[in-house]
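# Reading the structure
Spelled out from the first residue to the last, the chains are:
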Amino acid sequence: MRRWIVADVRGELDLLKKLIDKLGPVESDLLLFLGSYLGPGPDSKGVIDYVLDLQKRLPGKVLCLRGCYEYVFQFALEENADWTTLELWGRMNGQRVFNSYAANDKSLIVMHTGNNGGVPKPMKVAVPLIIPESHIRFMENLSQWYEDDIFPYIGCHSGGHPD
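This structure is a prediction, so every number in the text was calculated from the model and none was measured.

This structure, assessed with the given rule, holds nine aromatic pairs. Residues F33 and Y37 carry aromatic rings whose centres are separated by 6.0 Å and whose planes lie at 55° to one another, so their mutual orientation is tilted. For the pair F33 and Y37, a shared accessibility class is recorded, and that class is buried. For the pair Y71 and F75, a centre-to-centre distance of 5.2 Å together with 75° between the ring planes defines the contact as edge-to-face. With Y71 and F75 both in helix α3 (residues 68-76), this residue pair falls four residues apart, about one helical turn. Taking the relative accessible area as the measure of exposure, Y71 reaches 45% and is therefore partly exposed. Relative accessible area serves as the criterion here: at 28%, F75 is assigned to the partly exposed category. Aromatic rings pair up to connect Y69, F73, W89, F98 and Y101 into one cluster.

Moving on to the confidence of the model for the chain. Per-residue pLDDT for the chain has a mean of 87; in total, 83% of the residues score no lower than 70. No element of the chain has a lower mean pLDDT than strand β4 (residues 111-112), at 59, and none a higher one than helix α1 (residues 13-23), at 98.

Turning our eyes to something else, we now look at the pattern of salt bridges. For the structure on display, the rule yields eight salt bridges. The shortest N-O distance in the salt bridge between R2 and D29 comes to 2.6 Å. Residue R2 is found in the segment before β1 (3-6), and its partner D29 is found in the loop between α1 and β2 (30-33); the two are separated by 27 residues along the sequence. Taking relative accessible area as the criterion, R2 reaches 34% and is therefore assigned partly exposed. Connected through salt bridges with shared partners, the residues R3, D148 and D149 form a single ionic network.

In this structure, S36 takes a positive phi of about 60° despite not being glycine. Positive phi is not limited to glycine here, since N93 has a value of about 60°. In this structure, N93 sits in the loop between α4 (83-91) and α5 (94-101). Among the residues examined, N93 registers a relative accessible area of 33% and is labelled partly exposed.

Now for a nonpolar patch on the surface. Residues M1, I150 and F151 make up a contiguous nonpolar surface patch of roughly 310 Å² in combined accessible area. On the secondary structure map, F151 appears in the loop between β6 (145-147) and β7 (154-156).

To continue, consider the sheet that holds strand β3 (residues 62-64). An order of β1-β2-β3 is seen for the three strands of this open sheet, with the pairing classed as parallel. For this open sheet the edge positions go to β1 and β3, each flanked by a neighbour on one side alone. This sheet shows a mean twist of 20° between the axes of neighbouring strands, independent of strand direction. Where β2 and β3 come together, three bridges link them in parallel fashion.

Rules and cut-offs
Residues numbered from 1 in each chain as written. Predicted model: local features only at pLDDT ≥ 70, side-chain atom pairs only at ≥ 80, totals over all residues. Heavy atoms only, no water. Phe/Tyr/Trp six-rings, centres within 6.5 Å; stacked < 30°, edge-to-face > 60°. Buried < 20%, exposed > 50% of the residue type's maximum accessible area, 1.4 Å probe, protein only. Helix = DSSP H or I, 4+ residues; strand = E, 2+ residues; numbered from the N terminus. pLDDT = per-residue confidence, 0-100. Salt bridge = Lys/Arg side-chain N within 4 Å of Asp/Glu carboxyl O. Patch = residues over 30% accessible without salt bridge, like charges linked within 9 Å, V, L, I, M, F, W, Y side chains within 5 Å. Areas by Shrake-Rupley, 256 points an atom, 1.4 Å probe, with all protein chains shown as cover. Pairing = 2+ DSSP bridges. Axes fitted to C-alpha atoms, helices over the stretch in contact; angles between N-to-C directions.

This is the structure:
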């Protein structure tokens, strides 16, 4: 029985596929993702689709934790998201995550440098996003940490274990 731990995929679907192909997980293995599936890479949506497919192929053997991108993403999607959250999302290149889910080919800009002395400033742009229900459920069900029942370790992305 092998334990694989993967962290910070950050929208890089091609790299994730190469890694999983190299690891070759089987049904007796455990694959633990520590979070940040979303990110500045080109295909956040594709990464979530791929991880969901892995969970179907290896039932109960692909565990997923919440990372900082998933945490901030939920707040950035809120209708009345505060500027501090949007500014943070912009610094995290969150617009690339939004682009991955955009309903059309328009570019979505969260930060811009207008007549503000070159200092980036949040800006709301209305671009429809299509986020599959399976992705919403996936992100709602992410755990904060994982305690292994065989090996003496606790896995987490951020926030840590309460003990």
